[in-house]
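Below, each chain spelled out in residue letters.
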Amino acid sequence: MEELKTKPLFNPNGDTDVKKRRMIGGNTTNLNDFNNLKYQWTSSWYRQAMNNFWIPEEINLNQDLKDYHNLLPSERKAYDKILSFLVFLDSLQTANLPNVGEYITANEVNLCLHIQTFQECIHSQSYSYMLDTICSPEERDDILFQWKTDEHLLRRNTFIGECYNDFLKNRDLFHFAKVLFANYILEGVYFYSGFMFFYNLSRNGKMPGSAQEIRYINRDENTHLWLFRNIILELKKEVPELFESEKVEVYRQMIKEGVRQEIAWGEYVIGDDIPGLNSSMVRDYITYLGNARWTSLGFETLYPGYEKEPDNMMWVSQYSNANMVKTDFFEARSTAYAKSTALVDDL
């Protein structure tokens with residue numbers, strides 16, 4: 001595959017004609033011009049992302065401090081391990097997004113990537129705030145590094161992490177596309193199934209502050225998911241050789257492996273010991289997520305029979321509602337920033 005070249009930082013000979021702008025491989029000036037956009041969808045994305053601004057410490061975790069030490073052993077184990085997983089992958093995202101941006105030659109898309117990078121930092125801050133509030137420094141450090149000591153957790157993090165590392169070693173078009181799909185899997189399957197656990201605690205009257213932190217993170221991650229979805233869709237039009245049948249099969253297998261690993265993880269960390277959840281519910285929901293992510297890219301159904309959100313999991317989308325913003329970004333409308341402490345949950 002063709003080796004990618006990083007875009008120049010200062011490029012007075014760059015194209016100023018919007019029609020010549022490309023997602024990758026373009027001759028960019030790097031000028032941030034909000035008035036002349038080739039990819040018009042970035043305008044609404046940018047506004048939505050800016051309106052999503054929030055501060056983790058504004059959410060009250062006093063009840064969580066009380067609840068945490070009264071969780072069932074199975075709930076506390078899952079809380080710790082899922083939080084360790086989220087901390088690591090958000091940190092990985094923060095570090096990797098600039099690697100993607102080096103090759104994106106549409107400045108309006110790069111602006112979106114920079115906002116995403118900032119938001120991933122906020123998410124890491126949120127997890128640190130949660131841990132600092134509810135547990136001792138020793139417990140906090142144990143949770144932070146479980147991804148190194150738990151073989152199940154390490155295995156699933158390795159799947160995405162090695163894909164990112166492969167691109168650092170092989171800076172070509174195909175490995176770039178694989179990084180985009182790995183990001184898409186992380187944002188659209190891994191994160192969503194992790195969030196589900198916190199919403200289940202909340203509907204059982206436990207850890208309400210943690211669930212609210214996750215709601216805000218979920219709202220951000222939803223926009224991140226749609227950002228990478230649109231980047232992939234634009235590349236389908238601009239670089240069709242990346243979507244020849246044998247390459248699409250690689251992407252398909254990546255999605256399937258992500259779903260397989262997430263199901264195995266859910267059965268391990270949640271299983272049938274969490275009130276309100278069981279392994280069958282987790283398996284059906286993750287399979288549905290994998291199906292939804294693949295078909296939204298214009299591909300065929302990946303898992304027949306899982307085209308709709310399972311009836312017994314519809315509460316997930318209800319609990320993910322941070323402040324009456326719909327779960328689907330492109331059905332949502334920008335909502336003015338409201339302080340987290342001022343928001344009241346009706347559920």
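Residues numbered from 1 in each chain as written. Predicted model: local features only at pLDDT ≥ 70, side-chain atom pairs only at ≥ 80, totals over all residues. Heavy atoms only, no water.

Moving on to the pattern of salt bridges. Any two side chains of opposite charge can pair if their charged atoms end up close together. Evaluated as defined, the whole model comprises 16 salt bridges. Here K206 makes a salt bridge to E75, at a shortest N to O gap of 2.8 Å. With K206 in the loop between α8 (173-203) and α9 (208-238) and E75 in helix α3 (residues 73-101), this residue pair connects regions lying 131 residues apart in the sequence. The partner of K247 in a salt bridge is E244, and the shortest N-O contact between them spans 3.2 Å. Since its relative accessible area comes to 10%, K247 is described here as buried. Given a relative accessible area of 36%, E244 falls into the partly exposed group. (Salt bridge = Lys/Arg side-chain N within 4 Å of Asp/Glu carboxyl O. Helix = DSSP H or I, 4+ residues; strand = E, 2+ residues; numbered from the N terminus. Buried < 20%, exposed > 50% of the residue type's maximum accessible area, 1.4 Å probe, protein only.)

Let us look at the UniProt feature "binding site: Fe cation 1" (unreviewed entry) in the protein chain. The UniProt record annotates "binding site: Fe cation 1" (unreviewed entry) at D90, E120 and H123. On the basis of their most widely separated C-alpha atoms, the annotated residues across 34 residues gather in one place, lying no more than 6.9 Å apart. The residue D90 is located in helix α3 in this model. A relative accessible area of 0% means that D90 is categorised as buried. The residues contacting D90, other than those within four sequence positions of it, are E120, H123, S124, Y127, F191 and E221. Not counting residues up to four positions away in its chain, the partners in contact with H123 are W54, D90, I217, D220, E221 and H224. (UniProt positions renumbered as here; feature names shortened; annotations may be inferred. Contact = heavy atoms within 4.5 Å.)

Moving on, we get to the UniProt feature "active site" (unreviewed entry) in the protein chain. The residues that UniProt annotates with the feature "active site" (unreviewed entry) are Y127. One can find Y127 in helix α4 (residues 107-134). If we ignore the near neighbours within four places in the chain, the residues touching Y127 are L83, L86, V87, D90, F195, I214 and I217.

The subject of this paragraph is the nonpolar core. If you look at the biggest cluster of nonpolar residues, it comprises 106 residues, and the most contacted ones within it are Y79 and F176. In this structure, F176 is in contact with L4, I24, V100, Y103, I104, F167 and L235, ignoring residues within four places of it in sequence. (Core = buried A, V, L, I, M, F, W, Y, C linked by side-chain atoms within 4.5 Å.)

Between α8 and α9, the least distance of the axes is 9 Å, while the angle of their chain directions is 155°. Here α9 runs roughly antiparallel to α8, going by the angle between their axes. Judged by the sense of rotation from one axis to the other, the crossing of α8 with α9 is left-handed. Classifying every residue of the contact of α8 with α9 by side-chain character gives 17 nonpolar, seven polar and four charged. (Axes fitted to C-alpha atoms, helices over the stretch in contact; angles between N-to-C directions. Parallel < 35°, antiparallel > 145°, perpendicular 65-115°, else oblique. Left-handed = near helix turned anticlockwise from the far one by under 90°. Nonpolar A, V, L, I, M, F, W, Y, C, P; charged D, E, K, R; others polar.)

This next bit is on the packing of aromatic side chains. Under the criterion given, the structure shown has 22 aromatic pairs. A ring pair is formed by W265 and Y268, whose centres lie 5.8 Å apart and whose planes are at 55°; its orientation type is tilted. One end of the pair is W265 and the other is Y268, both in helix α10 (residues 245-269) and three residues apart, which spans about a single turn. Taken together, the aromatic side chains of F85, Y190, F191, Y192, F195, W265 and Y268 make up a single cluster linked through ring pairs. In this arrangement the basic side chain of R203 is found over the ring face of W315, its NZ or CZ atom lying 3.8 Å from the centre. A cation sits over an aromatic face here: K236 above F299, 4.4 Å from the ring centre. (Phe/Tyr/Trp six-rings, centres within 6.5 Å; stacked < 30°, edge-to-face > 60°. Lys NZ or Arg CZ within 6 Å of the ring centre and 35° of its normal.)

Time to look at the environment of E139. Relative to the elements of secondary structure, E139 occurs in helix α5 (residues 137-144). The partly exposed category is assigned to E139, whose relative accessible area is 26%. Once residues lying within four places of it in the same chain are set aside, the contact partners of E139 are H69 and R76.

Our focus in this paragraph is helix α11 (residues 279-295). With 17 residues, α11 extends 24 Å between its outermost C-alpha atoms, agreeing within 8% with the 24 Å of an ideal straight helix rising 1.5 Å per residue. Looking at α11, one finds that the buried residues are S279, M281, V282, Y285, I286, T287, Y288, L289, G290, N291, R293 and W294. On its buried face, α11 sits against α8, α9, α10 and α12 (315-319). Two or three places before S280, at the opening of α11, N278 has a side-chain oxygen 3.0 Å from that residue's backbone nitrogen. (Expected span 1.5 Å × (residues − 1). Polar contact = N/O pair within 3.5 Å; in protein donor to acceptor, adjacent residues only side chain to side chain.)

Our next topic: unusual backbone geometry. For N30, which is not a glycine, the phi torsion comes out positive at approximately 70°. In this fold, N30 is placed in the segment before α1 (41-51). According to the relative accessible area criterion, N30 is partly exposed, its value standing at 23%. With a phi angle near 55°, M207 is a residue other than glycine that sits in the positive phi range.

Mapped onto the fold, E262 is located in helix α10. Looking at E262, the relative accessible area reads 2%, which means it is buried. Setting aside anything within four residues of it in sequence, one finds E262 in contact with R156, V189, Y190, S193, G194 and I286.

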